[in-house]
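Residue-level listing of the chains:
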Amino acid sequence: MADLRVTIGQMELRNPVTTASGTCGFGEELAEFFDPGRIGGIFVKGLTLKPREGNPYPRMAETASGMLNSVGLQNKGIDYFTEHIYPRIKDFDTHIIANVNGSTIEDYVDLSEKLNRLEKIPAIELNISCPNVREGGMAFGISCPSASAVTRAVREVWDRTLIVKLSPNVTDIRDIALAVEEAGADAFSLINTLLGMAVDAEKRRPVLATITGGLSGPAIKPIALRMVWQVAQVSRLPIIGIGGIMNATDAIEFMLAGASAIQVGTAIFIDPLAPVKIAEGIGEYLVRHGCSKVSEIIGALRVD
Amino acid sequence: MKRIQDCTISKITWLNTDSYLLELDVPDEIPVLAPGQFAEIRIGNSPDVFLRRPFSFLDADVENRKLVFFIKRIGKGTRHLGELHPGETVNIIYPLGNHFQVPEKGNVLIVGGGSGIAPFILLGKELQKKGVGMTFLLGGKAGSDILLTDRFSQYGDVLITTEDGSKGEKGMVTDHSVFTSDPFPFTMIYACGPEPMMKAVARMSCLKNIPCEVSLENLMACGFGVCLCCIVETTEGNLCVCTEGPVFNTNRLKWQICA
Ligand SMILES: Cc1cc2nc3c(=O)[nH]c(=O)nc-3n(C[C@H](O)[C@H](O)[C@H](O)COP(=O)(O)OP(=O)(O)OC[C@H]3O[C@@H](n4cnc5c(N)ncnc54)[C@H](O)[C@@H]3O)c2cc1C
Ligand SMILES: Cc1cc2nc3c(=O)[nH]c(=O)nc-3n(C[C@H](O)[C@H](O)[C@H](O)COP(=O)(O)O)c2cc1C
Ligand code: FES
C-alpha cells in the first residue's frame, strides 16, 4: 500500500480526495453511502452570515457532459450551522472544511471569526468565485486588489489553514493566484464553475430562472487542468484541483499537473461512491507505477 | 439505508407508442417501499444523458426481487432507457424521498395524469390494507393515454376523462362530474401529473375543504439532498423536493390556490 497522505497548510489529509462544496451537503447525506473516514476531507455547503433562500427554481440544466446550476448559496446561515449542523458532523473521522461566502469584506471576516470558535474546523475555503450571487462572491475573485484585500483581512483573524477558491472566469488566473498568495493564503482550490447558459429553443426561453449559471462536470475538465497547471508554474502553494473529476485517472491527471489534493463535485450526483473509488484508484495507480508515496506524482508531469 | 445497485433488466413492456413498463431484477432483498418513493436510474454512459433520472416505483415484487417502473418517453434519457434490452444492466439508487400519508379510515380520490399514475399502485395497496375506500380518476389527451386501468380497478373504481372525449368524460380531470357530487364523498385527494393539473386538483380540494397531497416532479441533479437544485417554495422556505418531498400537502406549498 502506497502512502496516500498529503499536506495542505497545517492539515494532513489521509488521502488527496475531498468532496467539493455544494455537491456533498454537510457530509451527512454521503455518510449514508460510505464512511467519511475513507476520504481526506469534506468541503461543506457554502455558508453565509445570514440565512439565504438562494435563487428561484429552475436552478439546474443538464448539458453535454456536465450541468449548469444557479443554486445561489442557499443555506441557513452560520448561527444555524453552529448550533444544529456542526454538532452532528464534528466527529466525522475526516477534516470538515467550511466554505466561506460574503458580500463585503466584513462579511468574510465576521464569518471567519465565528468559525474560529468551532474547534473541529481545521480550515476554511474562501469562496471568492461564486458566479450565482449578484452581490459578491465572484466580484472579489475577478480582480487582484479585491481578491488580495479579502484574503488579507481574513488572514488577520484566521490562524488555521486558509484556502482561497479561485474563479476561472478571469483573464489570467495566475495574476489572481499571486495576489492571493502575497496576501497570506496557505493554499488554492480551483476551479469554481464557469459562467454558462442554456436555452430552451421550443419555449424560446432560458432554462435557468437566473438566465446564466455555473457549468460543472467533465465538460470543464480541460480548462480546470490547464488552470491548475498554470498556477502550479507560478506559485509554490499547494493546489486543490477541482473540475469534472469523475474517476481516479482524472484525479491523477490533476495531481500530475500540480495539484496536491483534489475535490470531487458533480461526479457525486452520478455516483455517490465516486470519492472512495477515486481514493482506491489512486492507490492502485501508485502501486502500478512503483511509487511509495502519493507526493511522488504531485507536479510530476513531464513536458520535455 | 439507501442502496446503490446494478440491476438487470428482466422485461420492457410497451403499453402504447410512448409509455412502457421497466422491470428490474434486484440483486438483494428489497426493503419496504412506501408509496411515492422513487429511484434515481443511471442510463448508460452517453455524454448527453449525463445525470441520473428520477422515477417513482410503480410496484415491487419482494418475493421475486423485482422492481417495476412506469415510464413515459419524453426526452433522450427515457428514449434510451426504453431501447435497452433484457439482460442489460442499469444502476439505481433507492429508496429515495418521502411518501404519501395513508389515513386510518375514510374514502379517498386519487387523480393521475400522464406518467403521474406511477405511484398509485403502491398507494392503492397500502390503502386497501388499511381498509380505506378509494376511487381513481385518470386523465389524458386521448383514450390511448389511459393505461393500467385493469391494475387500478383491483383497488377501487376507475373514472376517466380525455381531452378529445375518446374515452370516459370529455375534458380535464377537474371537469369530471365526480366533482359535482353532493355531498362530496371523499375525505382526501392525492394527485400526480403535470403541474397545472395538480394545481387545478388542489384548487378543488380547497373548494371541498379536504386535504390534498401531490407528488412533485422537479428537476433533480442528485436526488438525495446534496445539490439543492430541486427546491420548491413552501411556507417554511425553500425545501428540497428529493428529500422533504416529492410528496407535499398542498397547504405547505405557495400555490395560492385557496385565494
Ligand atoms: C420524484 C420524481 C418521480 C418521477 N416519476 C416518474 C415516473 O414514475 N414515470 C415517468 O415517466 N416519469 C417520472 N418522473 C419524470 C422523469 O424523471 C422525467 O420524465 C425524466 O427525467 C425525463 O428524462 P429525459 O432524458 O427523457 O428528458 P429530457 O428532457 O431530455 O431531460 C433533460 C433533463 O431534464 C430532466 N427532466 C425532464 N423532464 C422532467 C420531469 N418531468 N421531471 C423531472 N425531471 C425532468 C431530466 O431528468 C434531465 O435532467 C419523475 C420525476 C420525479 C422528480
Ligand atoms: C449544485 C452545485 C452547487 C455548488 N455550490 C458551491 C458552493 O456553495 N460553494 C463553492 O465554493 N462552490 C460551489 N460549487 C462549485 C463546486 O464546488 C466545484 O467547484 C465545481 O462544481 C467544479 O467541480 P466539478 O466539475 O467536479 O463539479 C457548486 C457546484 C454545484 C454543481
Ligand atoms: S436533487 Fe439534489 S438536492 Fe434534491
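Residues numbered from 1 in each chain as written. Chains lettered and ligands numbered in written order. Predicted model: local features only at pLDDT ≥ 70, side-chain atom pairs only at ≥ 80, totals over all residues. Heavy atoms only, no water.

### A word on the overall build of chain B
What counts, and what does not: Counting from the N terminus, the helices are DSSP H or I runs at least four residues long and the strands are E runs at least two residues long. The rule is simple: take the accessible area with a 1.4 Å probe, protein chains only, and divide by the maximum for that residue type; under 20% is buried, over 50% is exposed, in between is partly exposed. Any two residues having at least one pair of non-hydrogen atoms within 4.5 Å are treated as being in contact. Under the convention used here, a 1.4 Å probe and the Shrake-Rupley method define accessible areas, while residue burial counts only the protein chains that appear.
Within chain B one finds 4 helices and 16 strands. The buried share of chain B, taken over its 259 residues, is 56%. Of the contacts made within chain B by residues no fewer than 6 positions apart, 61% connect residues no fewer than 24 positions apart. Surface summary for chain B: the accessible area is close to 10900 Å², and the carbon and sulfur share equals 48%.

### Considerations on the environment of Q37(B)
All names here are of chain B. Our working rule: Contacts described as polar in this section are N or O atom pairs within 3.5 Å, which, within protein, must combine one atom able to donate a hydrogen with one able to accept it, while residues neighboring in sequence count only if both atoms come from side chains.
Mapped onto the elements, Q37 comes out in the loop between β2 (19–25) and β3 (38–42). Among residues more than four places away in sequence, those in contact with Q37 are V32, S56, F57, P95, L96, G97, N98 and H99. Among the polar contacts made by the side chain of Q37, one reaches the main-chain carbonyl oxygen of G97 at a distance of 3.1 Å.

### Points about the layout of surface pockets
To be explicit about the condition: A pocket, in this scheme, is an open set of points on a 1 Å grid over the protein atoms alone with protein on both sides within 12 Å along at least 5 of 7 lines, while a cavity is a set where a 1.4 Å probe fits but cannot get out; residues line either one if an atom lies within 4 Å of a point. Grid points are joined across faces, edges and corners, and a volume is the space filled by probe spheres set on the points. Polar here means any residue outside two lists: the nonpolar Ala, Val, Leu, Ile, Met, Phe, Trp, Tyr, Cys and Pro, and the charged Asp, Glu, Lys and Arg; Gly therefore counts as polar.
Of the voids in this model, the second largest pocket is the one considered here, and its volume is about 640 Å³. Forming the walls of the second largest pocket are 27 residues, and the residues nearest its centre are F26(A), Q74(A), K76(A), L228(B) and E244(B). For the lining of the second largest pocket, the secondary-structure elements that each account for two or more residues are α1 (28–31) and α2 (78–89) of chain A together with β15 (237–240) of chain B. Split into classes, the residues belonging to the lining of the second largest pocket amount to 10 nonpolar, 8 polar and 9 charged.

### Structural notes on the site of ligand 2
Residue and element names in this part refer to chain A. Applied cut-off: Distances are taken per atom, and a residue is near a molecule or strand as soon as one of its heavy atoms is within 4 Å of it.
The full set close to ligand 2 counts 23 residues, and S21, K165, G217, G244 and T266 are the nearest of them. In the environment of ligand 2, an oxygen atom lies 2.7 Å from a nitrogen or oxygen atom belonging to the backbone of S21. In this structure, an oxygen atom belonging to ligand 2 sits 3.0 Å away from a side-chain N or O atom of K45. When isolated, ligand 2 has an accessible area of 620 Å², and the protein chains bury 97% of it. Here the shell around ligand 2 is composed, by residue class, of 6 nonpolar, 15 polar and 2 charged.

### Let's talk about helix α8 (residues 248–257) of chain A
Residues and elements named next belong to chain A. Counting buried positions along α8 yields 8 of 10 residues, so the element is predominantly enclosed. Among the residues of α8, those classed as buried are A248, D250, A251, I252, F254, M255, L256 and A257. Where α8 is buried, its residues meet α7 (221–234), β15 (239–242), β16 (261–264) and α10 (274–288). Backbone nitrogen of T249 and a side-chain oxygen of the N-cap are separated by 3.2 Å at the start of α8; the cap is N247.

### Observations concerning α7(A)
Which entries qualify depends on this criterion: A helix is expected to reach a length of 1.5 Å times the quantity of its residues less one.
Spanning 14 residues, α7(A) covers 20 Å between terminal C-alpha atoms, matching the ideal 20 Å at 1.5 Å per step. If you follow the buried residues of α7(A), they end up packed against α6 (173–182), β10 (187–190), β15 and α8 of chain A.

### Considerations on a nonpolar patch on the surface
Rule in force here: A residue counts toward a patch only above 30% relative accessible area and without a salt bridge, and it is joined to like-charged neighbours within 9 Å or, for Val, Leu, Ile, Met, Phe, Trp and Tyr, to nonpolar neighbours within 5 Å. One side-chain nitrogen of Lys or Arg within 4 Å of one carboxyl oxygen of Asp or Glu is enough to make a salt bridge.
Together, M197(A), V199(A) and I211(A) line one region of the surface with nonpolar side chains, adding up to about 290 Å² of accessible area. The residue M197(A) is located in strand β11 (residues 194–197) in this model.

### Observations regarding the domain arrangement of chain B
Residues and elements named next belong to chain B. What counts, and what does not: An automatic or database domain assignment is the source of the domain bounds shown. In short, buried area is how much 1.4 Å probe accessible area vanishes from two parts on joining, totalled over both.
Domains assigned within chain B are domain 1 (3–96) and domain 2 (107–217). Between domain 1 and domain 2, the residue contacts involve 15 residues of the former and 15 residues of the latter. Together domain 1 and domain 2 conceal approximately 1300 Å² of surface at their shared face, both sides included; 68% is due to carbon and sulfur atoms. Area buried by domain 1 at its contact with domain 2 is led by P35, L58 and F70, which between them contribute 43% of it. At the junction of domain 1 with domain 2, the criterion picks out 2 salt bridges.

### Describing the sheet that holds strand β5 (residues 59–61) of chain B
Residue and element names in this part refer to chain B. Filter applied, for reference: Whether two strands pair comes down to DSSP finding at least two bridges between them. Note on geometry: axes are C-alpha line fits, over the in-contact stretch for helices, and angles between N-to-C directions span 0 to 180 degrees.
Reading across from one edge, β4-β3-β7-β1-β2-β6-β5 is the order of the 7 strands in this open sheet, with antiparallel pairing throughout. Two strands close off the open sheet at either side, each with one partner strand: β4 (53–56) and β5. For this sheet the average axis-to-axis angle between neighbouring strands, irrespective of direction, equals 35°.

### Points about the side chain of T250(B)
Topologically, T250(B) is positioned in the segment after β16 (247–249). When residues no more than four places from it in sequence are discounted, the contact partners of T250(B) are A202(B), S205(B), C212(B), V214(B), W255(B) and I257(B).

### Description of the pattern of salt bridges
Following the criterion strictly, the structure yields 26 salt bridges over all chains and no others. With a shortest N-O distance of 3.0 Å, K2(B) and E32(A) are connected by a salt bridge. One end of the pair, K2(B), is in the segment before β1 (3–16); the other, E32(A), is in the loop between α1 and β4 (41–43), on a second chain. R152(A) is paired through a salt bridge with E182(A); the nearest N and O atoms lie 3.3 Å apart. Of this pair, R152(A) sits in helix α5 (residues 144–157) while E182(A) sits in helix α6, placing them 30 residues apart in sequence. Judged by relative accessible area, E182(A) falls into the exposed class, the value being 56%. What you see here is one network of salt bridges that share partners, running through D3(A), R5(A) and E12(A).

### Re the nonpolar core
Operational definition: Nine residue types can take part in a nonpolar core, namely buried Ala, Val, Leu, Ile, Met, Phe, Trp, Tyr and Cys, and a core is a set of them joined through side-chain atoms within 4.5 Å.
Of all hydrophobic cores here, the largest spans 140 residues; its most connected members are F81(A), L115(A), I124(A), L190(A) and I282(A). Each of domain 1 (3–96) and domain 2 (107–217) of chain B contributes no fewer than three residues to this core.

### A few points about empty space enclosed by the protein
If a probe as big as a water molecule is rolled over the atoms, it shows which places are left empty. Residues and elements named next belong to chain A. Counted under the stated rule, the structure contains 1 cavity of 30 Å³ or more. Size it by volume and the largest cavity reaches roughly 460 Å³. In terms of lining residues, the largest cavity is bounded by 34 residues, among which S21, T23, N69, N192 and T193 are the most central. Secondary-structure elements contributing two or more residues to the lining of the largest cavity are β6 (66–69) and α9 (267–270). Classifying every residue of the lining of the largest cavity gives 14 nonpolar, 18 polar and 2 charged.

### Things to note about the interface of chain A and chain B
One frequent convention defines the size of an interface as the accessible area lost when the parts assemble. On the side of chain B, 28 residues touch chain A, which itself brings 35 residues to the contact. Taken together, the two surfaces of chain A and chain B that pack against each other cover about 2600 Å², and 64% of this comes from carbon and sulfur. For the chain A face of the interface with chain B, the top three residues by lost area are Y57(A), E62(A) and I270(A), together amounting to 27%. Connecting chain A to chain B are 3 salt bridges. Looking at the side of chain A that touches chain B, the elements with two or more residues in it are α1, β5 (60–63), β6 and α9 of chain A.

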